[in-house]
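One-letter residues, chain by chain:
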Amino acid sequence: MTDKPGRRRRRLVGLGLVGLLTVVTAVLAVQLGARNLGGVPHRDVVIDGRIPATMYVPGAVPGNSSTVDLPPSSPGGLPAVVLAHGHSADRSMMNWLARRLADAGFVVVTFDFRGHGGNTDRHEVHGFGGRRADLTAVYDWAAAQSYVDDRRIAVAGHSMGAAAVVDFATHDSRPVATMALGGSVASVEGGVTARNMLFLVAQGDPVLVRDEAVRTAEEVFGGDIDFGSEYGDIAAGSAVGLREIANSNHLSMLYAGQTADLMADWMDRAAGPGAAPRTTDDDTRLLAVFYLAAASGVLFGLGLLAGTVAGRQPGRRGAGWRALPLVLVAVVLPIPFLAWGDAGLLLGVEAGGALALLLGVAGILLLAVRRLEPVRRWLTPAGPVPAYAATTSVAPPEAAPEPVAPLEPAAAPMGPAAPAARAADPRRLLVPVALAVGGLLLVLLPVGPTGHTLVPTPARIVIALLMALVMLPFFHVVDSLLRAGSPVAASGWSMAARVLILATVMVGVGNAVLPGMLGLYLMVLAPFLILLELVVAGVYVASRDPRLTAPIQALALGWLLATISPVVW
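Quick caveat: nothing in here was measured; it's all calculated off a predicted structure. (Residues numbered from 1 in each chain as written. Predicted model: local features only at pLDDT ≥ 70, side-chain atom pairs only at ≥ 80, totals over all residues. Heavy atoms only, no water.)

1. Some words on the nonpolar core
Condition: Here, nonpolar core refers to any group of buried Ala, Val, Leu, Ile, Met, Phe, Trp, Tyr and Cys residues whose side-chain atoms link them within 4.5 Å. Throughout, exposure labels follow a simple rule: accessible area from a 1.4 Å probe, protein chains only, divided by the maximum for the residue type, with under 20% read as buried, over 50% as exposed, and the rest as partly exposed. Helix numbering and strand numbering both begin at the N terminus, where a helix is a DSSP run of H or I of at least 4 residues and a strand a DSSP run of E of at least 2. In this analysis, two residues are considered to be in contact whenever any of their non-hydrogen atoms come within 4.5 Å of each other.
In this structure, Met467, Phe474, Phe528 and Ile552 are the most contacted members of the largest nonpolar core, which totals 87 residues. Here this core gets 13 residues from one element, more than from any other, and that element is helix α15 (residues 517-543). For Phe474, the contacting residues outside a window of four places in its chain are Val327, Val331, Leu359, Ala362, Gly363, Leu366 and Ile501. Core analysis: the next-biggest nonpolar cluster, separate from the first, contains 39 residues, Met93, Leu101, Leu181 and Met253 among them.

Shown next, in the form of structure tokens:
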């Protein structure tokens, strides 16, 4: 088929735009890498042969070009903060806050709790014994460093890490201060009176988190406490403070300047001043936003490339809005049967595995129900077939003209038998699926040091593949029903299904029948699903093949859930 001049020009403009965005994305990726490698001097270490950690020290590396040789330590050492991450996070999520505290003059040590990030020890689902052991090992290591004054070490943590440091400080008398961000313990059980406790909560924190922080602060103080107030004597070690981080939520408080300022002020007064404060040009927050904006176009182009490699399939008609109630029922029905606990533990991870299992059971239900004759009639719209959609069988051109994709493969037109043969061969999907999923991971890797390590351990790779296999039937049925017709309609109906899924998860979390952590996962899942849709939309534009889009989504979501969820195997 010969392109018309207008179509050819649009294609060239599109290719030029994707090429430009690719160059911009590459430049921003280099900038992100340079800021993460440079800036505040830091070094990655492994403590006790099992705990990955990073130490940040005040000062500047000559030329800002190396993170291997740290500046000489100060005589007598500096105050230090052992900084613990939250549930489903890792030390990368504490990177920005650690750098700001180092700029304020303090040594900071971040680390991965067991089952998180690169720590291959199993996550402890209940109790504090394992996390207390991790904190003890990191605290002991930090106290032995020449950079650190072992008499002036504080502990701080976020969410699960906040509860862990409160527990640690009530069992170990060494910390000169304790700072709990967005979390605490249900009750103080240790026999040690923790010194100088600061509780910070986000303005948008869940009520449960805020109430828990207030309750613990009042238990430690022995009386009522108001937000914005400080009680006791910090010089005597008896201070208790309760502050709110404005215009933030449970995650964004880690990137708020107010959080860093309040922690630095508390350290100055509880542990004494550190090195002279300085400002380092290594803030990646805004740069990461620009990077993801530019990368959005690259992801769509990546999808076009993967779809082109797979080849164009005949147009088809989907069920449209008729499939949405079926998807909703299929997702809702399994929830009561998953309410016995965290069902995700069956897949080797806490919280994230529950979502994978929910979608897996929903996929099996959809596979079974769609075969019922009443359901088949409901899912088959009445009326003429739209111009862009033909039957699933390959028909002669005069019976069902095939639409021209915005980005059509350069291969010569094929006869009616050739597309059918290609469609019947599942091996043709391997390369485009690997291209789409691998490209998505590579594009997202540069933002890992700002948010969460995105390179999985071997155990997480196995779990990711297992979860992808479990979720594949769901995406296969949903895409075969909804991802059809014009590209706009295909993406619109598919995104509508995802909104229904996320809303159902929120209802399940709100009624305590799904793990509460899934509610926080939605802060990550929502933007990730949008980026994933850009890839899948590009694939569909070029291939019109839902059998190709389904494994891409299953593998990508399996990778994300396996990467962020705590491992219990």
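2. Examining the environment of Arg322
Topologically, Arg322 is positioned in the loop between α7 (285-310) and α8 (323-332). For Arg322, a relative accessible area of 21% translates into the label partly exposed. With 159 residues separating them in the primary sequence, Arg322 and Leu481 have C-alpha atoms 9.0 Å apart.

3. Some remarks on the packing of aromatic side chains
Condition: Aromatic rings from Phe, Tyr and Trp, taking only the six-membered ring of Trp, are treated as a pair when their centres fall within 6.5 Å; an angle between ring planes under 30 degrees marks them as stacked, one over 60 as edge-to-face, and anything in between as tilted.
Evaluation of the coordinates by the stated rule reveals seven aromatic pairs. Between the aromatic rings of Trp96 and Tyr255, the centroid separation amounts to 6.5 Å while the plane-to-plane angle is 45°, which identifies the pairing as tilted. Within this pair, whereas Trp96 is found in helix α2 (residues 95-103), its partner Tyr255 is found in the loop between β9 (240-245) and α6 (257-271), the two being separated by 159 residues in sequence. The residues Trp96 and Tyr255 share a single accessibility class, namely buried. Between Phe221 and Tyr231 the ring centres are 4.8 Å apart and the planes differ by 40°, which places this aromatic pair in the tilted class.

4. A look at the sheet that holds strand β6 (residues 178-181)
Short version of the rule: Pairs of strands are assigned from DSSP output, requiring at least two bridges between the strands. Axis lines are fitted to C-alpha atoms, over the contacting stretch for helices. Their N-to-C directions set the angle, which ranges from 0 to 180 degrees.
An order of β1-β2-β4-β3-β5-β6-β7-β9-β8 is seen for the nine strands of this open sheet, with the pairing classed as mixed. Of all the strands in the sheet, just β1 (42-47) and β8 (229-231) have a single pairing partner and so form its edges. Each strand of the sheet is rotated relative to its neighbour by a mean of 20°, with strand direction disregarded. One ladder, built from four bridges, connects strand β5 (residues 148-158) with β6; its direction is parallel. Note on β6: the bridge partner recorded for Val155 is Thr178. Here helix α4 (residues 160-169) sits on the sheet in contact with β3 (78-84), β5, β6 and β7 (197-202), set at roughly 135° to β5.

5. Focus: the packing of helix α3 (residues 129-143) against α4
In plain terms, the rule: Here is the rule for angles: anything less than 35 degrees is roughly parallel, anything more than 145 is roughly antiparallel, 65 through 115 is roughly perpendicular, and the remaining ranges are oblique. Polarity classes work like this: nonpolar for Ala, Val, Leu, Ile, Met, Phe, Trp, Tyr, Cys and Pro, charged for Asp, Glu, Lys and Arg, and polar for all others, with Gly in that last group.
At a minimum axis distance of 10 Å, the contact between α3 and α4 shows a crossing angle of 75°. If you check the angle between α3 and α4, you find them roughly perpendicular. Note on element contacts: α4 touches α3 through Met160, Ala164, Val165, Asp167 and Phe168, opposite Arg131, Arg132, Leu135, Thr136 and Tyr139. Tallied by class, residues from the contact of α3 with α4 come to six nonpolar, one polar and three charged.

6. Section: the pairing of strand β4 (residues 107-111)
We count it as follows: When the strands point away from the viewer, a crossover counts as right-handed if the route from the first strand across the helix to the second turns clockwise.
With five of five residues buried, β4 lies mostly within the body of the structure. Judged by which residues are buried, β4 turns out to be covered on both faces: Val107, Val109 and Phe111 on one side and Val108 and Thr110 on the other are all buried. In this sheet, β4 lies alongside strand β2 (residues 51-56) in antiparallel orientation, the contact comprising four bridges. The partner of Ala53 across the bridge, within β4, is Phe111. Bridge count for β3 against β4 is four bridges, and the pairing is parallel. Looking across to β4, one finds that Val82 is bridged to Val109. Each parallel crossover has a hand, and the one from β3 via α2 to β4 is right-handed.

7. Some details on the pairing of β2
Where burial is concerned, most of β2 is hidden: six out of the six residues are buried. Burial along β2 is two-sided: Ile51, Ala53 and Met55 and Pro52, Thr54 and Tyr56, pointing in opposite directions, are all buried. Remark: three residues form the turn of the hairpin made by β1 and β2, two consecutive strands paired antiparallel; Asp48 in that turn has positive phi of roughly 55°.

Distances and angles like these do not, on their own, reveal function.
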